[in-house]
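As a plain string of letters, each chain reads:
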Amino acid sequence: TIVIGVLALQGAFIEHINYLQRLRPAGHTIRAIPVKNVEELSQVRALVIPGGESTVISSLAFLTTGLLPALLEFVQDPSRAVWGTCAGMILMAEEDGVGGGRKKGVKGWAGMKGLKVWRNLYGTQLESFEAPLLVPSLSSPSKPFNTIFIRAPAVHSLSPSTATEILATLPSDLIPPPPPSDSPLGESNPDDLGKVMIKQGKKMVTSFHPELSGDTRVHEFWVEKCVLGR
Ligand code: GLN
């Protein structure tokens, strides 16, 4: 049995647990458990950081005894599969790689190298939207995946690396306006803004919410490629 943890401090963790429990990867059984402390983190092989509110998730991680350092070690270990969705994608960014949002002080946990994100870039007007996207790496690739964006972060910039695979990109009419160029994060890269599903070794980020789509294919993909590595 492969035990997969879903960080359960705040946000959409129950949905991820339900989707993971529905998977039937060939030759394996999956058990998905909520992770709220160091003890639970030590029981899991891989971790999902869900959507929610990144400021709240990071404060709660800091306030829970020993949890933040244990999470940093887990997330930065190249042998660990970790997937961040939405707020979770923000937390996968580099330490000083988070911009935007009203509240200051979200630090990335540096799971994905060279990733800088901009919080809430889709802004009030497009706070929430859905778009059918073709994701060629999923099973049934010709069937669009209904991507759901809820006050989502966008990629500010992503250092080029041969280890990085861009798995889904928004069509140009849905790409948000660029973040301000005079921020501490520096100039954003317009070519990176529409990247909404990225894999780097055993790490993956999605700015949308696959756990609300009614479709388990992104979960299936992460388990096959990142957790089982096949
Ligand atoms: N806006 C949230 C944040 O900054 C992310 C929203 C989400 O996870 N749906 O953390």
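Residues numbered from 1 in each chain as written. Predicted model: local features only at pLDDT ≥ 70, side-chain atom pairs only at ≥ 80, totals over all residues.

The chain is annotated in an unreviewed UniProt entry as glutaminase of Kwoniella shandongensis. Listed under Catalytic activity (unreviewed entry) in UniProt, the entry text for the chain is "L-glutamine + H2O = L-glutamate + NH4(+)". Heading Sequence similarities (unreviewed entry) of the UniProt record for the chain holds this comment: "Belongs to the glutaminase PdxT/SNO family." (UniProt positions renumbered as here; feature names shortened; annotations may be inferred.)

Visitor: Looking at this structure, how should I read the overall build of the chain?
Guide: Secondary structure assignment for the chain yields 6 helices and 12 strands. For the chain, whose C-alpha radius of gyration is 16 Å, the value lies close to the compact-globule estimate of 17 Å for 230 residues. Overall size of the chain, expressed as C-alpha extent along the three principal axes, is 50 × 45 × 35 Å. With 230 residues in all, the chain has 44% of them scored as buried. (Helix = DSSP H or I, 4+ residues; strand = E, 2+ residues; numbered from the N terminus. Rg over C-alpha atoms; globule rule 2.2 N^0.38 Å. Buried ≥ 20, exposed ≤ 12 C-beta atoms within 10 Å, placed from the backbone.)

Visitor: Before we go on, may I ask you to explain the environment of Phe-129 in this structure?
Guide: Positionally, Phe-129 belongs in strand E7 (residues 128–133). As for Phe-129 and Arg-151, which are separated by 22 residues in sequence, their C-alpha atoms are 8.8 Å apart.

Visitor: Is there a simple way to explain unusual backbone geometry in this structure?
Guide: Leave glycine aside and you will find that most residues have negative phi; peptide bonds, for their part, are mostly trans. For Asn-120, which is not glycine, the phi dihedral falls at a positive 55°. Residue position: Asn-120 is located in the loop between strand E6 (115–118) and E7. Look at Asn-120 and you get partly exposed, because 17 C-beta atoms sit within 10 Å. Phi angles above zero are rare outside glycine, and Arg-151 is one such case at about 40°.

Visitor: Sorry if this is basic, but what is going on with helix H1 (residues 13–22) here?
Guide: Because an α-helix completes one turn every 3.6 residues, residues spaced three or four positions apart along the sequence face the same direction. Where H1 is concerned, the buried positions are Phe-13, His-16, Ile-17, Tyr-19 and Leu-20. For H1, the buried positions fall inside an angular range of 165° around the axis, keeping them on one side. Lining the buried residues of H1 we find strand E1 (2–7), strand E2 (30–35), strand E3 (46–49) and helix H6 (217–227). (Arc of directions from axis to C-beta. Contact = placed C-beta atoms within 7 Å.)

Visitor: What is the right way to look at the sheet that holds strand E9 (residues 154–158) in this model?
Guide: The strands making up a sheet are joined through hydrogen bonds of the backbone, oriented either antiparallel or parallel. As summarised here, the arrangement of the 3 strands in space is E5-E6-E9, forming an open sheet in which the pairing is mixed. With one partner strand each, in any of the chains shown, strand E5 (98–99) and E9 form the two edges of the open sheet. Across 4 bridges, the pairing between E6 and E9 is antiparallel. Bridge assignment links Trp-118 to a residue of E9, and that residue is Ala-154. (Pairing = 2+ DSSP bridges.)

Visitor: Sorry if this is basic, but what is going on with the sheet that holds strand E11 (residues 195–200) here?
Guide: The strand order across the open sheet formed by 7 strands is E2-E1-E3-E4-E12-E11-E10, and the pairing between neighbours is mixed. The sheet terminates laterally at E2 and strand E10 (164–169), the two strands that pair on one side only. On average, each strand axis in the sheet is inclined to that of its neighbour by 15°, with strand direction left out of account. Across 3 bridges, E1 lies against E3 in parallel orientation. Bridging from a neighbouring strand, Ile-4 pairs with Ala-46 of E3. Strand contacts of H6: E1, E2, E3, strand E4 (81–85), E11 and strand E12 (203–206), with the helix running at about 150° to E4, the strand carrying the most contacts. (Axes fitted to C-alpha atoms, helices over the stretch in contact; angles between N-to-C directions.)

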